[in-house]
Protein chains: 2
Amino acid sequence: MNLSERALNVQASPIRKLMPFANAAKKNGVHIYHLNIGQPDIETPQEMLDVYRHYDEKVLAYGPSQGLELYRKNLVKYYDQHGISVDMEDIIVTTAGSEAIIFALLTACDPGDEVIIPEPFYTNYNGFAKIAGVKIVPLTTFAEDGFALPENEKIEALLSEKTKAIMLCNPGNPTGAVYPRKDIERIANIARKNNLFVIADEVYREFVYDGAEHTSILEIADLEDKAIMVDSISKRYSACGARIGCLISRNEDFIQSVTKFAQARLCPPTIDQLAANAAIDIEKSYFKEIIKEYKKRRDIVYDALTEIPGVVCVKPKGAFYIIAKLPIEDSEDFARWMLENFSYQNKTVMFAPAQGFYASQSIGQDEIRIAYILNENDLTDAMNILKKGLEKYQRS
Amino acid sequence: MNLSERALNVQASPIRKLMPFANAAKKNGVHIYHLNIGQPDIETPQEMLDVYRHYDEKVLAYGPSQGLELYRKNLVKYYDQHGISVDMEDIIVTTAGSEAIIFALLTACDPGDEVIIPEPFYTNYNGFAKIAGVKIVPLTTFAEDGFALPENEKIEALLSEKTKAIMLCNPGNPTGAVYPRKDIERIANIARKNNLFVIADEVYREFVYDGAEHTSILEIADLEDKAIMVDSISKRYSACGARIGCLISRNEDFIQSVTKFAQARLCPPTIDQLAANAAIDIEKSYFKEIIKEYKKRRDIVYDALTEIPGVVCVKPKGAFYIIAKLPIEDSEDFARWMLENFSYQNKTVMFAPAQGFYASQSIGQDEIRIAYILNENDLTDAMNILKKGLEKYQRS
């Protein structure tokens, strides 16, 4: 039986290739520090977990396709606290950020249309683009300058008749970059000039360090018809398993079309929405503590990396990822070697080779992404092991 | 801003058009019996609700993209109880049946490919087809003969070079038809002869009456590479809000491709999967009671319909829907009239005009779909009101 071309072409998870080696290492009794995934170890807020524990409806029923009204109303409050003014009608609750991006692409683009995305980017954008039949046009950014947005000419050089949108992840996974307001304004200008949507994935909004300020695409004036924001509670409240996100736009026609796609799949999970709703009233101090924790972790990873000769990386200002250029040729080979051939005190480290985050061929082969989602002690130990492994790998 | 063609063309929910009239009626104090939606009033099993109540993990984490192993293993047991032999590796857990159908279409078809579907069919298939860029080729079936599958020539006449699959809903929403084994065998033969996938939506498996037997596509021999089954717990356990379904195939390549799409969206909701898992051990007596209840409801609706002069319908053998041909010209107009202009003892009835379930133009305009998801007393009252309404409408 022939499968569809798109099914054959959709990218397999770049991490997945390494799983057999990780499993073999575990079988041999080697402990693996997982710096390869964005699953935080932070506890999910009690307020959310209590919702599951106290659910007392008799029938676990469908909710509205746009999401529970109760939750959408509360989301308006949440965004208002972040200086983002939206109405309930601008919000469609989705099954995590993934579905929000799929809906955004389906509504902004027809098959064959193009979306410009700064690379390196979150690998799953490839899968979403394949589902929507959309072509990703990569805008290359560089480790050397902290993955900052390139100048306008570089961006405009990528425009074609088929370009329908620019998509940003801000704060960035996998880069940790936080775009300054003037860069978001620049993108907005290009969008206005060329009649493009701007799809901003802002799921790491809270995670900014060193006084950096996050600028939402919805804060930009005169962009009401073009600004589309994607959000998720997965990282914000360490609730990845709840699968609750949302899509926001002040473009009424856009939201109306998204609603039709949303109606087809009926609704996002009901109790998980109620749990997400309970999180909105969490004290601000909750985030203060968590951000302090992540900042500490970032510093551990960054300091350890800069001590390794030949490593290039700029201290990231947001999210909980860092991309480092290593003095090696093939980070996938190195990642595999760390699992297959190296351990220190019976422990090793798993990270993500960064090549999978680039759409351009032959870029990022000497880069790795580290997710700093372990506690201080484990992270310190893991970075020490990475350093020792790299030394041995370079000599091998 | 221009939206995509597909966003503009995707069908809005046919029921939604009637909502303003329903809301206006409610505002005027009229009670509406909702026979228009498939939200059962049956209580969700306590075993499932208890899972939410006793969830005690500290971090609500991602699960595997294929679904929790625990749950997939238990699903093997569930299907075995139904005479369907599958391995855990054949199963991908999805965010409800909706996502399973989208994954099936994405993997079986490229944009522009065709899928033959007996009509009337579940309207949301239109949305899924639009998302996947697939063309639905309707195979018309008729109220007069209980929406039975037409003879082979009728089916084969619809084949083209672009046909990639035949999709069935069995037991059928909105028809209530249960295809006899010989008809499933016929479809399998056509699929073998023409190298087509058969996608079977079997979410109403348990809901069969009068000794009818459900035949799963996975029971058919020599169809391993072509048979794809879509399932969901929404109706089975009256847990529509949990959003848990699955996609099953013994075609390894197919499942491997689906896995790549599944990885892009990370995972289905975690706690909801645990709840679904708990439902598998529910006693068989649970279904016995529920099926007895639905059968009673079906009989109330069917008997009431046959007492109305000029109504055509065959007693449905499955699911909890019935399509009736009424002695009217425009069922959408009648539906609206019932909400806007009619009430009896300050009550009226909302049902689904059936035209939206047909892809062919100008079919089904005199038909309605009734979901028999209310208790005995309410349903009896609702059918009485429908009868009185129809009489008055015909005279108006």
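Everything quoted here is computed from the prediction, not taken from an experiment.

A. Main features of the overall build of chain A. Along its length, chain A carries 13 helices and 12 strands. Relative to a compact globule of 396 residues, whose C-alpha radius of gyration would be 21 Å, chain A shows 21 Å and is just as compact. Considered along the principal axes of its C-alpha atoms, chain A spans approximately 60 × 55 × 55 Å. The buried share among the 396 residues of chain A stands at 55%. Contacts spanning at least 24 positions in sequence make up 76% of the contacts within chain A whose residues lie at least 6 apart.

B. Fine view of the relation of the copies chain B and chain A. When chain B is brought onto chain A, the operation consists of a screw motion whose angular component is 180° and whose axial shift is 0.0 Å, with 0.0 Å RMSD remaining. What the superposition gives is, in effect, a two-fold axis relating one chain to the other. Proximity to the rotation axis, assessed at the C-alpha, singles out R53 of chain B in chain B; its C-alpha lies 1.9 Å from the axis. Looking at chain B, 98% of its interface residues are interface residues in chain A too, so the copies touch through the same face.

C. Main features of the interface of chain B and chain A. Taken residue by residue, the interface counts 65 residues in chain B and 64 residues in chain A. If you list the elements that add at least two residues to the side of chain B that touches chain A, you get α1 (5-9), α3 (46-53), α5 (96-108), α6 (124-132), α9 (252-264) and α10 (270-279) of chain B. Class assignment of the residues belonging to the side of chain B that touches chain A gives a composition of 31 nonpolar, 18 polar and 16 charged.

D. Seen up close, unusual backbone geometry. A cis geometry characterises the amide bond from N173 of chain A onward to P174 of chain A, with omega recorded as 15°. You can see P174 of chain A is positioned in the loop between β5 (163-169) and α8 (181-194). Between N170 of chain B and P171 of chain B the backbone carries a cis peptide bond, its omega angle lying at -5°. We note that R243 of chain B has phi near 60°; this positive angle belongs to a residue other than glycine. As for its position among the elements, R243 of chain B is in the loop between β7 (227-232) and β8 (245-249). Judged by C-beta crowding, with 33 C-beta atoms within 10 Å, R243 of chain B ranks as buried.

E. Seen up close, the sheet that holds strand β2 (residues 91-94) of chain B. Residues and elements named next belong to chain B. Taken in spatial order, the seven strands of this open sheet run β2-β8-β7-β6-β5-β3-β4, and their pairing is mixed. What marks the edges here is a single partner per strand, and that holds for β2 and β4 (135-140). The average undirected angle you get between the axes of adjacent strands in this sheet is 20°.

F. Looking closely at the domain arrangement of chain A. Residues and elements named next belong to chain A. In terms of domains, chain A is made up of domain 1 (5-43 + 285-395) and domain 2 (46-279). Once you take the C-alpha centre of each, domain 1 and domain 2 turn out to be 26 Å apart. Those elements that place two or more of their residues in the side of domain 1 that touches domain 2 are α1 (5-9), α11 (284-306), β9 (321-325) and β12 (367-371). If you tally residues by element for the side of domain 1 that touches domain 2, the top one is α11, at five residues. Taken together, the residues that form the side of domain 1 that touches domain 2 break down as 21 nonpolar, eight polar and eight charged.

G. Spotlight on the packing of helix α2 (residues 19-27) of chain A against helix α12 (residues 331-340) of chain A. Residues and elements named next belong to chain A. For the pair α2 and α12, interaxial distance at closest approach is 8 Å and the crossing angle is 20°. One element, α2, and the other, α12, form an angle in the roughly parallel class. α2 and α12 meet at a crossing whose hand is left-handed. From α2, F21, A22 and A25 reach across to α12, where they touch R336, L339 and E340.

H. Region of interest: the confidence of the model for chain A. On average, chain A scores 96 in pLDDT, and the residues at 70 or more come to 100%. Predicted complex metrics record ipTM = 0.96 and pTM = 0.97.

I. Geometry of the environment of T140 of chain B. Residues and elements named next belong to chain B. As for its placement among the helices and strands, T140 is situated in strand β4. On the basis of neighbour count, T140 is assigned to the partly exposed category, with 16 C-beta atoms found within 10 Å. T140 sits 22 residues away from P118 along the chain, and the two C-alpha atoms are 5.8 Å apart. Apart from residues lying up to four places away in sequence, T140 is in contact with E119, S360 and I363.

J. Looking closely at the pairing of β7 of chain B. Residues and elements named next belong to chain B. For β7, a buried count of six out of six residues is recorded, marking the element as mostly surrounded by other parts of the structure. Neither face of β7 is open: one carries A227, M229 and D231, the other I228, V230 and S232, and all of them are buried. In terms of strand pairing, strand β6 (residues 197-201) meets β7 through four bridges, oriented parallel. Each bridged residue has a counterpart across the sheet, and for V198 the counterpart in β7 is A227. Bridge analysis of β7 against β8 gives five bridges, and the strand direction is antiparallel. Bridge pairing links V230 to L247 in β8.

K. Molecular detail of helix α11 (residues 284-306) of chain B. Residue and element names in this part refer to chain B. Between its first and last C-alpha, α11 extends 33 Å over 23 residues, near the 33 Å set by a 1.5 Å rise per residue. Of all the positions in α11, only Y294, R297, R298, V301, Y302 and L305 are classed as buried. Of the surrounding secondary structure, the elements contacted by the buried residues of α11 are β9 (321-325), β12 (367-371) and α13 (376-395).

L. Molecular detail of the pairing of strand β4 (residues 135-140) of chain A. All names here are of chain A. Of the pairings in the sheet, the one linking strand β3 (residues 114-119) to β4 comprises six bridges and is parallel in character. Within β4, the position partnered with V115 by the bridge is I136. Tracing the backbone out of β3, into helix α6 (residues 124-132) and back to the parallel element β4 gives a crossover that is right-handed.

M. Structural detail: the nonpolar core. Core analysis: the largest hydrophobic core is formed by 265 residues, its most contacted members being L105 and V198 of chain A together with L105 and V198 of chain B. Not counting residues up to four positions away in its chain, the partners in contact with V198 of chain B are A165, I166, I187, A188, A191, I217, L223, K226, A227 and I228 of chain B.

N. Region of interest: the environment of L326 of chain A. Examined against the element boundaries, L326 of chain A turns out to sit in the loop between β9 and α12. Excluding residues within four positions of it along the chain, L326 of chain A makes contact with V311, S331, D366, I368 and L390 of chain A.

O. Region of interest: the sheet that holds strand β11 (residues 352-353) of chain A. Residue and element names in this part refer to chain A. Across the sheet, three strands lie side by side as β9-β12-β11; this open sheet has antiparallel pairing. Edge positions in the sheet fall to β9 and β11, since each has one partner strand and no second. Two strands pair when backbone bridges link them, and β11 and β12 are joined in this way by two bridges, in the antiparallel orientation. The residue bridging P353 from the neighbouring strand is I368, located in β12.

Thresholds applied
- Residues numbered from 1 in each chain as written.
- Chains lettered and ligands numbered in written order.
- Predicted model: local features only at pLDDT ≥ 70, side-chain atom pairs only at ≥ 80, totals over all residues.
- Helix = DSSP H or I, 4+ residues; strand = E, 2+ residues; numbered from the N terminus.
- Rg over C-alpha atoms; globule rule 2.2 N^0.38 Å.
- Buried ≥ 20, exposed ≤ 12 C-beta atoms within 10 Å, placed from the backbone.
- Contact = placed C-beta atoms within 7 Å.
- Least-squares fit on C-alpha atoms with pLDDT ≥ 70 in both.
- Nonpolar A, V, L, I, M, F, W, Y, C, P; charged D, E, K, R; others polar.
- Pairing = 2+ DSSP bridges.
- Axes fitted to C-alpha atoms, helices over the stretch in contact; angles between N-to-C directions.
- Domains from an automatic or database assignment.
- Parallel < 35°, antiparallel > 145°, perpendicular 65-115°, else oblique.
- Left-handed = near helix turned anticlockwise from the far one by under 90°.
- pLDDT = per-residue confidence, 0-100.
- Expected span 1.5 Å × (residues − 1).
- Right-handed = clockwise from strand over helix to strand, strands pointing away.
- Core = buried A, V, L, I, M, F, W, Y, C linked by C-beta atoms within 7 Å.

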